[in-house]
Amino acid sequence: MRAVPSVILFTSLSGAGFGILAAAGLGLSSGPGAWLAGYALTIAGLIASTFHLAHPLRARFAFRHWRTSWLSREAWGAVAALVALAPPAASALFGGPELRLFAVLGAGLCLATVFSTAMIYASLRAVPRWHHWSVPLTYLACAATGGCVFAAPPGVAALACLVLALWLGASFPLADRRVARLGLTRGWATGLGKGAEVRSFELPRSGPSFITRELVDRAAGAGSPGLRGLAVSLAGLLPAALLLAGADPGVALAVHLAGILLSRWLFFTEATHVAALYYRGELPPAGR
């Protein structure tokens, strides 16, 4: 699928921002720097998300269907988290009391918002690579690691980075195997079974279209072991090494965010919509 820059920026920046805010709310950092960084990244990500819309001013309509839409729940969660954390953030900036109740409530709302973001993709049955419990776990792990990198003690942050690196390194091949086991063919799509030979008399298109451009075509480099290894290294291994070497947490966070941006690009480009069954015939795993 096509990786939209605004969506990559949104999910990466806001995820890290909510992770830092959650860490600050849970007391991992008492300084104002974490609050400022968390709010800056979160708001930057939310602004980036509006550029995915043809009419950014219509973003307000995302709040309408919170009962049925994960996108709407994400929007409400983001606003609720930022509002709940405003009192403890202001208190930290101006030397007031901790306001632990608001801080802990806001931290929970931050994690709920990240979970809602992930469920927008995990709930899509039409994208087999995303329709799995590992997607929200990955989003939460990335957010939590970003928060630890900036707000937690170096040893704890380095451990979180190493755990994230192990998880990301394992998730790529596991997703490949999961998609391969599904045996997604035209026979499966028509209900005749995976082994049924079903073919089209002619392709459902005569040239490029919105479906091929957005849902079917795969970007060059998708599934590349080199890019996957680079994402794992930048997101987890290198930040861990920097933190253990005594580097500034801001530098480690910048490297971590570079890895998250790359891993999020792979998240989108390696996924394929089932519409490809009619345009391409089958859905091979991204790593093949």
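This one's a predicted model, so the numbers in the text were calculated from it and none came from an experiment. (Residues numbered from 1 in each chain as written. Predicted model: local features only at pLDDT ≥ 70, side-chain atom pairs only at ≥ 80, totals over all residues. Heavy atoms only, no water.)

Draft legend 1. Inspection of a nonpolar patch on the surface at higher detail. A surface patch of nonpolar side chains, about 260 Å² in accessible area, is lined by L26, L28 and V104. Of note, L28 is situated in the loop between α1 (5-25) and α2 (32-50). Judged by relative accessible area, which is 41%, L28 ranks as partly exposed. (Patch = residues over 30% accessible without salt bridge, like charges linked within 9 Å, V, L, I, M, F, W, Y side chains within 5 Å. Areas by Shrake-Rupley, 256 points an atom, 1.4 Å probe, with all protein chains shown as cover. Salt bridge = Lys/Arg side-chain N within 4 Å of Asp/Glu carboxyl O. Helix = DSSP H or I, 4+ residues; strand = E, 2+ residues; numbered from the N terminus. Buried < 20%, exposed > 50% of the residue type's maximum accessible area, 1.4 Å probe, protein only.)

Draft legend 2. Main features of the packing of α1 against helix α3 (residues 70-94). Interaxial distance between α1 and α3 falls to 12 Å at its minimum, and their mutual angle equals 35 degrees. By crossing handedness, the relation of α1 to α3 is classed as left-handed. Residues F10, F18 and L21 of α1 touch α3, and the partners they reach there are E74, A78, A81, L82 and L85. (Axes fitted to C-alpha atoms, helices over the stretch in contact; angles between N-to-C directions. Left-handed = near helix turned anticlockwise from the far one by under 90°. Contact = heavy atoms within 4.5 Å.)

Draft legend 3. Highlighting the packing of helix α4 (residues 100-122) against helix α5 (residues 134-151). The geometry of α4 relative to α5 is characterised by a closest axis approach of 8 Å and an angle of 145 degrees between their N-to-C directions. Every pair of crossing elements has a handedness; the one defined by α4 and α5 is right-handed. On the side of α4, the interface is formed by L111, V114, F115, T117, A118, M119, Y121 and A122, while α5 contributes V135, P136, Y139, L140 and A143. Residue composition of the contact of α4 with α5, grouped by class: 12 nonpolar, one polar and no charged. (Nonpolar A, V, L, I, M, F, W, Y, C, P; charged D, E, K, R; others polar.)

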